[in-house]
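# Per-entry structural report
One letter stands for each residue in the lines below.
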Amino acid sequence: MPVIPFNTDWTYRRPLGPFAAAGEPVPAKHVHLPHDALRDERRSPDAAAKGAEAYYPAGAYTYSKTFEVPAEWQGRIVRLEIEGAYRRAQIFLNDEFAGNRADGYARFFVDLTPYLKFGEQNLLRIETRSGQDSRWYSGAGLHRPVRLHVDRPVHVPPDGVHIDTVRLEDDQAVIEVRTAVRNAGINTRTTRVHTQILGPNGTVLAHTDTPSTLSGGEEALVRQRFYLPDAALWSVDRPALHRAHITLDDETDAHDVDFGIRTITVDPRKGLRINGEPVLLRGACIHGDNGPLGAASIGRAEERRIELLRAAGFNALRAAHNPLPAAMLQACDRLGMLVMDEAFDMWTRFKTPYDYASEFPQWHLDDLAAMVAKDRNHPSVIMYSIGNEIAETGTPHGARWARRLAEHVRSLDPTRPVTNGVNALLSVIDEMPSIVEEIGGLNEAMADGDWFSAVGASATASARIEESSAALDVLGLNYAEGRYEPDATAHPNRVIVGSETFPSQIGRLWPMVVASPNVIGDFTWTGWDYLGEVGLGATAYEDEPSTLEREFPFLTAWSGDIDITGHRRPVSYYREIVFGLRTEPYIAVQRPAHYGRKISARSPWGWSDSVSSWTWPGFEDRRVVVEVYADADEVALLLDGNEIARAAVGTTRRCLAEIETAYLPGTLVAISYRDGHEMDRTTLTTAGEPRLCVTADRDRLVADDDDLAFVSIEIRDREGHLVTGDDREITVAVDGPGTLAGLGSAQPRTTERFDATQRRTFDGRALAVIRPTGGGHITVMVTSAGLNTTSAEIEVKAWSPDR
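None of these values were measured; they are calculated from a predicted model. (Residues numbered from 1 in each chain as written. Predicted model: local features only at pLDDT ≥ 70, side-chain atom pairs only at ≥ 80, totals over all residues. Heavy atoms only, no water.)

The next point concerns the packing of helix α3 (residues 360–375) against helix α4 (residues 396–412). Here α3 crosses α4 at 30°, and the two axes come no closer than 9 Å. Read as a crossing pair, α3 and α4 show a hand that is right-handed. Contact with α3, carried on its side by Phe360, His364, Leu365, Leu368, Ala369 and Val372, involves Trp401, Leu405, His408, Val409 and Leu412 of α4 and no other residues of that element. The residue inventory of the contact of α3 with α4, partitioned by class, reads 9 nonpolar, 2 polar and no charged. (Axes fitted to C-alpha atoms, helices over the stretch in contact; angles between N-to-C directions. Helix = DSSP H or I, 4+ residues; strand = E, 2+ residues; numbered from the N terminus. Left-handed = near helix turned anticlockwise from the far one by under 90°. Contact = heavy atoms within 4.5 Å. Nonpolar A, V, L, I, M, F, W, Y, C, P; charged D, E, K, R; others polar.)

This is the structure:
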């Protein structure tokens, strides 16, 4: 039978104890998975996890679903697939314990067969618990999709198809399809494995069938090789996808597996090559939440993130610090985004009071196997990471763990390199006083503004991380770019990736990557702002706390090239220029309200407190600081055609000029020059009278588990200029077969709720997320006092399993 989506008709509530039946019934809420139960809880400054988890409380939730099991399913194997349950999930069927999983990001299967009641209703119950178990907001509940697998006794088990590129030749590609076939019966059976290879346009390129005889309880592996002439290869620029269409004599349903034909190699002289072509990783680290949706991983939300990150100039993602959902990997496959697939944020040492460290010794092998099984057919996945900032990497026994983990991954998939995001400072933090003395004191360490890198490049760090680093194919370095050049000499066979770097330093870091053959790329922290680790990238002024974790009601890290609603921030355009992908200069203006205020702390994970706007009502004739980003020698500013300032580029930061001037409404133009010749120009214009504008990213949806519409709500004038200085409260109403799944803005400090129907815009913008509930017509109406009423119209096609 086909895999059955199992995401509708669920309820959830707080859990009940065994004696609850004697009391008042606790009402349950209906929910459509994927779902984050924690998102709608009340945030509080007294929350135990504090700002790490965005001041959300701990949560425990019971999810329940009643479903009928047809009598004809007798003799079949029925498995429940849970792609992610945060956290410590326990599964009960008809009040009998059926299975569990500790990790909130591991995809796992539970065999329901022994507990089923055929021909009648069955009750499935899943318990989840979270709290003080993550360094950022991870939500709670069934945050990734759930599916039901119903198989005949002779079948291809889940994850039973592996497809590898054996070799590429001038005139052909050789691929191998390995299909596991299992006989869960007691009698010997012979079946045939029929495999077709379909090209990117759907045409059949090759086919074969192979017999396989299995005794009762046996599993066999059927290997089939295909020689495809002039095959289209998968790459970042041309992500050509093929499909293997596999059937068994005993099965009526096909197993369709998408894959890409491509090879990966790394070495310290030629770097990373895909299909023999060199690639530098322009990378973004990302956490798992979807902003206004909380931690719910809904397919379209994941696809949209990849579209926007790709458009911003990134070609690679680091799954920080857990395996990505399948929907995001599928989007990476389709759109040409490379992935560093990461397993863990901790091994045996706790980072928070109740995190995965207590379960790691028992579950690490299973969780690594689950990641590889789920992800190995995705061509976008080019590297596996066994951890992030693991303190044990600086100890001999930690190196033993690194070696065991790396070898386990290689035994599961030998086709991809293995890495680990090593924070050398953390690995040697117990020797910090002697290291400070070794590097010449605090002043010397801070001379280049990078304390992390100075410590990470020390001789002590080199010695402490040497053994664990040797277990890797690619050494991931977090904030240790000081090692790039010396490691090329000290470890000439070592390949490095900047697995986590400060966004504020990309102008310095990217030329180092380009100049270092042993370094294959840079991953910024972070590509997309996220919930939790609040205020990590925020600017602290003199009357504000200067701690990395900011006070309530901070909600987001305020670190990221893209904010939680999907809009690019100024640092994103700066990065695009540094990458050499943009010739047009970019203008950002430091918020005039803070002009002259002393900055008590400027986070390296942040950027200047600036906005791309020349609309600042109430600040006429007052001083402002204008930032111009350009790959040029010099820039000039013109206001209404008259030059008002000129400045050299790169005096404080590469590709950046800062110009102080007076704010006056009008048209501001920045012109970039090299060797006295104009290179390019860009314009900002003061906005006029505000109007509400509403735009849906798509006006055609399907009422399935994955689809969403992202409705951008903006305040603009009649000419389309964004009004950033006149934020308003807006109200959203949805009419028709859809729900308001989330309403938010990029405001990093707010008490507003994502499940509300009202929100205040931030810098002229807000975002509504609409989830369809059936076929028909949806109207999204947006109102605001004193402004026009406007709407977005969306057509929804009813979903059917045969579409």
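It is generally the case that most residues other than glycine have a negative phi and that most peptide bonds are trans. Put simply, alanine 320 and histidine 321 share a cis peptide bond, and its omega is -5°. Mapped onto the secondary structure, histidine 321 falls in the loop between β23 (316–319) and α2 (326–335). Look at the link from tryptophan 525 to threonine 526: it is a cis peptide, with omega at 10°. Following the sequence through the fold, threonine 526 ends up in the loop between β29 (519–524) and β30 (539–541). Phi at lysine 50 takes a positive value of approximately 55°, unusual for a residue other than glycine. Looking at where lysine 50 falls in the secondary structure, it is placed in the loop between β3 (29–31) and β4 (59–69). One non-glycine residue, tryptophan 558, lies in positive phi territory at about 55°. Summarising the element assignment, tryptophan 558 is placed in the loop between β30 and α12 (570–578). Take tryptophan 558: its relative accessible area is 13%, and that puts it in the buried class. (Buried < 20%, exposed > 50% of the residue type's maximum accessible area, 1.4 Å probe, protein only.)

Take the packing of helix α11 (residues 506–515) against α12 next. Contact geometry of α11 with α12 gives a least axis separation of 10 Å together with a crossing angle of 30°. Viewed along their axes, α11 and α12 adopt a mutual orientation that is roughly parallel. Here the hand of the crossing between α11 and α12 comes out right-handed. When α11 is examined against α12, the residues Ile506, Gly507 and Trp510 are found in contact with a partner set consisting of Tyr574, Arg575 and Val578. Class assignment for the residues of the contact of α11 with α12 results in 4 nonpolar, 1 polar and 1 charged. (Parallel < 35°, antiparallel > 145°, perpendicular 65-115°, else oblique.)

Take the pairing of strand β43 (residues 729–735) next. Examined bridge by bridge, β43 and strand β45 (residues 758–760) share 3 bridges and lie antiparallel to one another. Considered in β45, the bridge of glutamate 729 is made with arginine 760. Here β43 pairs with strand β47 (residues 776–783) via 5 bridges, running antiparallel. In the strand pairing of β47, alanine 733 is matched with methionine 781. (Pairing = 2+ DSSP bridges.)

Scanning the model with the defined rule gives 0 disulfides in all. Cysteine 285 takes part in no disulfide bond, and the closest cysteine sulfur to it belongs to cysteine 332, at a distance of 14 Å. On the basis of relative accessible area, cysteine 285 is assigned to the buried category, the value being 0%. Take cysteine 332: its relative accessible area is 0%, and that puts it in the buried class. (Disulfide = S-S within 2.5 Å.)

What follows is about the nonpolar core. Among the nonpolar cores identified, the biggest contains 73 residues, and Leu309, Leu317, Phe344, Trp347, Ile386, Tyr574 and Tyr629 are the most heavily contacted of them. Setting aside residues up to four positions removed in sequence, tryptophan 347 forms contacts with Ala357, Phe360, Ile386, Gly387, Ile390, Glu392, Thr393, Gly398, Trp401, Ala402, Leu405 and Asn420. Ranked by size, the runner-up nonpolar core spans 46 residues in total, among them Trp10, Tyr12, Ala54 and Val69. (Core = buried A, V, L, I, M, F, W, Y, C linked by side-chain atoms within 4.5 Å.)

Below, the discussion takes up helix α1 (residues 299–311). Taking 1.5 Å as the rise per residue, α1 with 13 residues should run 18 Å; its terminal C-alpha atoms sit 19 Å apart, in good agreement. Residues of α1 that are buried include every one of Gly299, Arg300, Ala301, Glu302, Glu303, Arg304, Arg305, Ile306 and Leu309, and no others. If you follow the buried residues of α1, they end up packed against β22 (281–286), β23, α2, β42 (709–716) and β46 (765–772). Within two residues after α1, glycine 313 carries a phi angle of roughly 105°, on the positive side. (Expected span 1.5 Å × (residues − 1).)

As a further point, take the sheet that holds strand β35 (residues 634–639). Spatial strand order, β36-β35-β38-β39: 4 strands in an open sheet with antiparallel pairing. With one partner strand each, in any of the chains shown, β36 (642–648) and β39 (677–685) form the two edges of the open sheet. Neighbour-to-neighbour, the strand axes of the sheet open up by a mean angle of 20°, direction not taken into account.

This part covers α11. Buried within α11 we find Ile506, Gly507, Leu509, Trp510 and Val513. The buried side chains of α11 occupy one side of the element, clustering within an arc of 165° when seen end-on. (Arc of directions from axis to C-beta.)

Within this structure, the stated rule accounts for 28 aromatic pairs. Seen from their ring centres, tyrosine 574 and tyrosine 629 are 5.5 Å apart, and the 80° between their planes marks the pair as edge-to-face. Within this pair, whereas tyrosine 574 is found in helix α12, its partner tyrosine 629 is found in strand β34 (residues 623–629), the two being separated by 55 residues in sequence. Each member of the pair, tyrosine 574 as well as tyrosine 629, carries the same accessibility label: buried. Members of the aromatic cluster, connected to one another through ring pairs, are Phe344, Trp347, Tyr356, Phe360 and Trp401. The ring of phenylalanine 6 carries lysine 65 above its face, with NZ or CZ at 4.7 Å from the centroid. Just above the ring of tryptophan 401 sits the side chain of arginine 404; from NZ or CZ to the centre is 4.2 Å. (Phe/Tyr/Trp six-rings, centres within 6.5 Å; stacked < 30°, edge-to-face > 60°. Lys NZ or Arg CZ within 6 Å of the ring centre and 35° of its normal.)

The probe, sized like a water molecule, is rolled over the atoms to show the empty space still left. Per the counting criterion, the structure on display carries 6 cavities of 30 Å³ or more. Estimates place the volume of the largest cavity at around 180 Å³. Lining the largest cavity are 22 residues; nearest its centre among them are Tyr105, Arg144, His287, Gly288 and Asp289. Computed from the structure, the second largest cavity encloses a volume of approximately 140 Å³. Lining of the second largest cavity is provided by 15 residues; of these, Tyr105, Asp133, Asn322, Met346 and Tyr356 occupy positions nearest its centre. Looking at the lining of the second largest cavity residue by residue, the classes come out as 7 nonpolar, 3 polar and 5 charged. (1 Å grid on protein atoms, 1.4 Å probe; cavity = no way out; pocket = protein on both sides within 12 Å on 5 of 7 lines; lining within 4 Å. Points joined across faces, edges and corners; volume = space filled by probe spheres on them.)

All right, on to the environment of glutamate 277 then. Inspection of the secondary structure assignment puts glutamate 277 in strand β21 (residues 277–278). Sequence separation between glutamate 277 and glutamate 96 is 181 residues; the distance between their C-alpha atoms is 54 Å.

Spatial ordering of the open sheet is given by β40-β42-β46-β44, a layout of 4 strands whose pairing is antiparallel. A single partner strand is all that each edge strand has here, and the edge strands are β40 (691–696) and β44 (738–744). With strand direction ignored, the average angle separating the axes of adjacent strands in the sheet is 25°. Note: β42 against β46, 6 bridges, orientation antiparallel. Of the residues in β46, the one forming a bridge with serine 712 is leucine 767.

Structural measurements only, silent on function.
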